[in-house]
Every structure is written in structure tokens, then in C-alpha cells.
Amino acid sequence: MVCACGYSIGDPWVVPKQRYSFFGWFVMSCGISYPPNRINIECDRCGEVFDVIEGTGEFLEEYTRRNR
Ligand SMILES: [Zn+2]
């Protein structure tokens, strides 16, 4: 799969973006760390979403660590 600007997974423009639920944002605004509910693998330029990963906080934390 290639996005509108010609990038695919593995290119530096394609990055995992953490998405929080409303509750997650609320908790984090109180200064409490809260794992994301969802990670979108998307192009930083055009915003095309390549993949969406949902799961437990632990899994997502591990995923972001590996892909940082
Ligand atoms: Zn793109």
C-alpha cells in the first residue's frame, strides 16, 4: 500500500501516532500517564492511515517502544 505522496510502511514519513480516548486525554491532562487505546500507522505528510492497532495498553506500549 502506498499513500498519496508515494510513501509506504518503512519510510521515515510513515510513523505510529498514538490516539487517546476522551477519557485518556482527561486523565493525562491531570498529569497522570495513561497508555493509548489505539495507534494509527499513518503518513505524517498527507495523513493517510496504513494500519490501526488496537489492544491493551501493555501491547501498545511495547509496540511504540519497538518502533520509536
Ligand atoms: Zn502521504
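Remember, it's a predicted structure, so these values are computed and weren't measured experimentally.

Thresholds applied
Residues numbered from 1 in each chain as written. Predicted model: local features only at pLDDT ≥ 70, side-chain atom pairs only at ≥ 80, totals over all residues. Helix = DSSP H or I, 4+ residues; strand = E, 2+ residues; numbered from the N terminus. Buried ≥ 20, exposed ≤ 12 C-beta atoms within 10 Å, placed from the backbone. Contact = placed C-beta atoms within 7 Å. Pairing = 2+ DSSP bridges. Axes fitted to C-alpha atoms, helices over the stretch in contact; angles between N-to-C directions.

S.K.: Pulling in residues and values, what's your account of the overall build of the chain?
M.R.: When helices and strands are counted, the chain shows two helices and three strands. When the 68 residues of the chain are sorted by exposure, 7% land in the buried category. The contacts of the chain with a sequence gap of at least 6 include a subset with a gap of at least 24, amounting to 42%.

S.K.: Now, about the sheet that holds strand β1 (residues 14-19): what can you tell me, with residues and values included?
M.R.: Pairing between sheet strands relies on hydrogen bonds along the backbone, with the strands arranged either parallel or antiparallel. Pairing is antiparallel in the open sheet, where three strands are placed in the order β1-β2-β3. In this open sheet, the two strands that pair with only one neighbour each are β1 and β3 (49-54). The average undirected angle you get between the axes of adjacent strands in this sheet is 20°. Alignment of strand β2 (residues 38-43) against β3, held across five bridges, turns out to be antiparallel. The partner of Ile39 across the bridge, within β3, is Ile53.

The values reported here are purely geometric and, on their own, carry no functional implication.
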